[in-house]
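The residues making up each chain are set out below.
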Amino acid sequence: MQLSIPEFDTISSLAAQNNIWRRFRRHPGAVFGALLLTLLIAAILLAPLSPYNPEASSPAEAYQAPSLAHPMGTDALGRDQLTRLLYGGRVSMTVGLMVVIITVCIGVTVGALAGYFGGALDNILMRITDAALTLPTYLVLILLASILRELSTSFFKENNLLTIALVIGLLSWMTSARLTRALFLTLRDQTYVQAARSLGASNRRIILTHILPNSLGPLIVEATLELGYAIIEESGLSFLGFGIQPPTPSWGNLLSNAQAHFTDHPWLAIFPGLLIFITIISVNYIGDGLRDAYDPHKVLEQVGEVF
Amino acid sequence: MPYALRRLAQAIVLVFLLSLAFFALVNLAPGGPLAGQGHSRQMRPEQAERLRRQFGLDRPLPTQYLIWLVGNDWMQVDTDGDGRLDAPGARLGILRGDFGFSFRTRTPVLDEISSRLPNTLLLMGVTMLVALLLAIPVGILSAVRQYSLFDITATTLSFAGQALPEFWLGMLLIILFYVTLKNPLTGGPLLPAGGMYDQETFSLTDRLAHLILPVATGALGWVAWYSRFLRASMLEVIHQDYMRTARAKGLPEVLVIYKHALRNALIPLVTMFALDLPTIFGGAIFVEMLFSWPGMGRLYYQAASQRDYPVLLAILIISAGFMILSSLLADLVYAALDPRIRYD
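Structural notes, computed from the coordinates. (Residues numbered from 1 in each chain as written. Chains lettered and ligands numbered in written order. Predicted model: local features only at pLDDT ≥ 70, side-chain atom pairs only at ≥ 80, totals over all residues. Heavy atoms only, no water.)

Within chain B one finds 13 helices and 2 strands. With respect to the principal axes defined by its C-alpha atoms, chain B has extents near 85 × 65 × 35 Å. Within chain B, the proportion of its 344 residues that are buried is 46%. Contacts spanning at least 24 positions in sequence make up 64% of the contacts within chain B whose residues lie at least 6 apart. Here chain B has roughly 17,300 Å² of accessible surface; of this, 66% comes from carbon and sulfur atoms. (Helix = DSSP H or I, 4+ residues; strand = E, 2+ residues; numbered from the N terminus. Buried < 20%, exposed > 50% of the residue type's maximum accessible area, 1.4 Å probe, protein only. Contact = heavy atoms within 4.5 Å. Areas by Shrake-Rupley, 256 points an atom, 1.4 Å probe, with all protein chains shown as cover.)

Glancing now at the nonpolar core. Of all hydrophobic cores here, the largest spans 145 residues; its most connected members are Trp251 of chain A together with Phe22, Ile113, Met234 and Ile315 of chain B. Examining the composition of this core, we find that 14 residues originate from one element, helix α12 (residues 267-294) of chain A, more than from any other. Taken together, domain 1 (2-96) and domain 2 (109-337) of chain B each give at least three residues to this core, which thus spans both. For Met234 of chain B, the contacting residues outside a window of four places in its chain are Ile140, Ala143, Val144, Ile257, Ala261, Leu262 and Ala265 of chain B. (Core = buried A, V, L, I, M, F, W, Y, C linked by side-chain atoms within 4.5 Å. Domains from an automatic or database assignment.)

With that out of the way, let us pick up the side chain of Asn119 of chain B. Mapping Asn119 of chain B onto the fold places it in helix α4 (residues 109-144). Other than its neighbours up to four places away in sequence, Asn119 of chain B contacts Met196, Trp293, Pro294 and Gly295 of chain B.

The omega torsion of the bond from Pro246 of chain A to Pro247 of chain A falls at 10 degrees, within 30 degrees of zero and hence cis. Within the secondary structure layout, Pro247 of chain A lies in the loop between α10 (203-239) and α11 (251-258).

The next point concerns the interface of chain B and chain A. At the interface, 42 residues of chain B touch 39 residues of chain A. For the chain B and chain A pair, buried surface summed over both sides reaches about 3,600 Å², with 81% attributable to carbon and sulfur atoms. Of all residues in chain B, Phe159, Trp168 and Met171 of chain B give up the largest surface area on contact with chain A, accounting jointly for 18% of the area buried on that side. For the pair chain B and chain A, the interface holds 0 salt bridges. For the interface between chain B and chain A, the tally reads 4 residue pairs in polar contact (both at pLDDT 80 or more). Of all the secondary structure elements, the ones that give two or more residues to the side of chain B that touches chain A are α1 (3-28), α5 (149-163), α6 (166-180), α11 (285-290), α12 (296-305) and α13 (309-337) of chain B. Residue composition of the side of chain B that touches chain A, by class: 34 nonpolar, 6 polar and 2 charged. (Buried area = accessible area lost by both parts, 1.4 Å probe. Salt bridge = Lys/Arg side-chain N within 4 Å of Asp/Glu carboxyl O. Polar contact = N/O pair within 3.5 Å; in protein donor to acceptor, adjacent residues only side chain to side chain. Nonpolar A, V, L, I, M, F, W, Y, C, P; charged D, E, K, R; others polar.)

All names here are of chain A. Between its first and last C-alpha atoms helix α5 (residues 137-150) spans 20 Å; for 14 residues at 1.5 Å apiece the expected length is 20 Å, and the two agree. Most of α5 is tucked away, with 10 of its 14 residues classed as buried. Buried within α5 are the following residues: Leu139, Val140, Leu141, Ile142, Leu143, Leu144, Ala145, Ser146, Ile147 and Leu148. (Expected span 1.5 Å × (residues − 1).)

The geometry of two aromatic rings is summed up by the distance between their centres and the angle between their planes. As enumerated under the stated definition, the model contains 18 aromatic pairs over all chains in all. Ring geometry for Phe242 of chain A and Tyr301 of chain B: centres 5.7 Å apart, planes at 70 degrees, overall edge-to-face. Residue Phe242 of chain A is found in the loop between α10 and α11, and its partner Tyr301 of chain B is found in helix α12; the two belong to separate chains. The class for Phe242 of chain A is buried, based on a relative accessible area of 1%. (Phe/Tyr/Trp six-rings, centres within 6.5 Å; stacked < 30°, edge-to-face > 60°.)

Okay, structure coming up:
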């Protein structure tokens, strides 16, 4: 039998969420970041409304500087850069979100097992995590991506986004794992967990319904920051030609294409990078705001007021 | 076993396992190491077969790994690729410092690396030095004058700096200082944006001019990261009780900050720096690509694009070795610097 008072639980968690939201709103950077990111995502979703086709070339309009008709200019084939960037944003954001999902799945599983069960399992999992952390990230990313790029299996060719997300995810789950482990270590001996255990709850149930929901706050912060890293890493790989392969546009490979002509046509380099920059800074500000919102002590120390 | 020895043993095991993983990854790639050899001309099957025998690629993978590790001078190899073992091998293996020959240039891998490494060390050395020289004062001042105009500006800028992709910053700097701004004397670009030098004879100003843009591109991220890090660790130290004690006993504020606070706040920064040092070996791949700097990053990029596996493997395993070694050293130095930490 489950001993809980649902009404009370709901009320208190609603109150807690309310507090978090209130503290988040008071963080100017976070609000700014959230607004900017919302705008950007809306623009990306509305990309099909653009009057231009992202793929069709019109050589007569090649290399036009930014104007009213083409706010971000046109590329070597006369394609509207704003339209290309919006479609590229879909790709970059999708890869970023995939990486976050992969990272959180691996990281939370490894961290939860290590933190909850401890002992030899903890030791083995944490040694693996340490080892993965000592890898030279970009070198291994390039190695994996270059090998996968050569695979003739059609799966990787047709799922370029998923492949790149897997490569990046495989090299970035370690922070989530360490964080989850730390959270589980502190939570597993809490009285409510002991109570659940004494009522005969299985390990699975304790992990999934008692400890995990209470670790969500820090994990959400971590996932947010991870989105930023993932987008930077994807664009870096694509910039070097090992990431998303043209003709699929991504912010990284648009910037990479610009390399050959950007000294003559600077807008080809300025705008793709600007979008990457805006995305990362928004995401970082949101992560920062969430961290403060979930950690009242830090806010207390910074604002110097008592709740 | 003492802590240091145990850590050393773990590190050696880890390097060994990584070498195994890297070797397997590279060799399990489709087509194997020879796939890149047929790029320029079509190879006939019997030709490919001969090459495979000459490179020893016909042997089973575990044997190949063993040869890569310890060499093949203890066994007979097929030097002309006719299918008969005719002479003792000449390779010494990476354990004896022989990383084999580059597929791309047919020169020893170590020669390739040693021709690139000094350029990378120059670039990264100057970059790290500049980064620390800027980040340390900014970090201290930000923490000491928390919430001042300076602090708010510095914190905002470093927040932006961390979100700035290196490859984009480099392009922006090239647009500004190479394309837009002109040298008032010559009418040419204000700053050079490619290579290490223009003049054949050594000229210090020429060399320095070529360093400015790459170093600025590479250093900004480090400045942002280190200054934020130092600010945070200074703030933590400033609120400690021993700071109040130091003030209470009448020490001048300057001494309190620089002797008591800074010394303690620098410990985490030293560790962080020690952990970042080995990344120098791999070079700054984006900076080297953008500014045509002939360093390790570009060498790795070329090796990865053209499937030059001996070079790839060498850079990977040496980098990973350095990373592991430095995280080991960082732990030990940390323990030595901070008497509160005792491992056993």
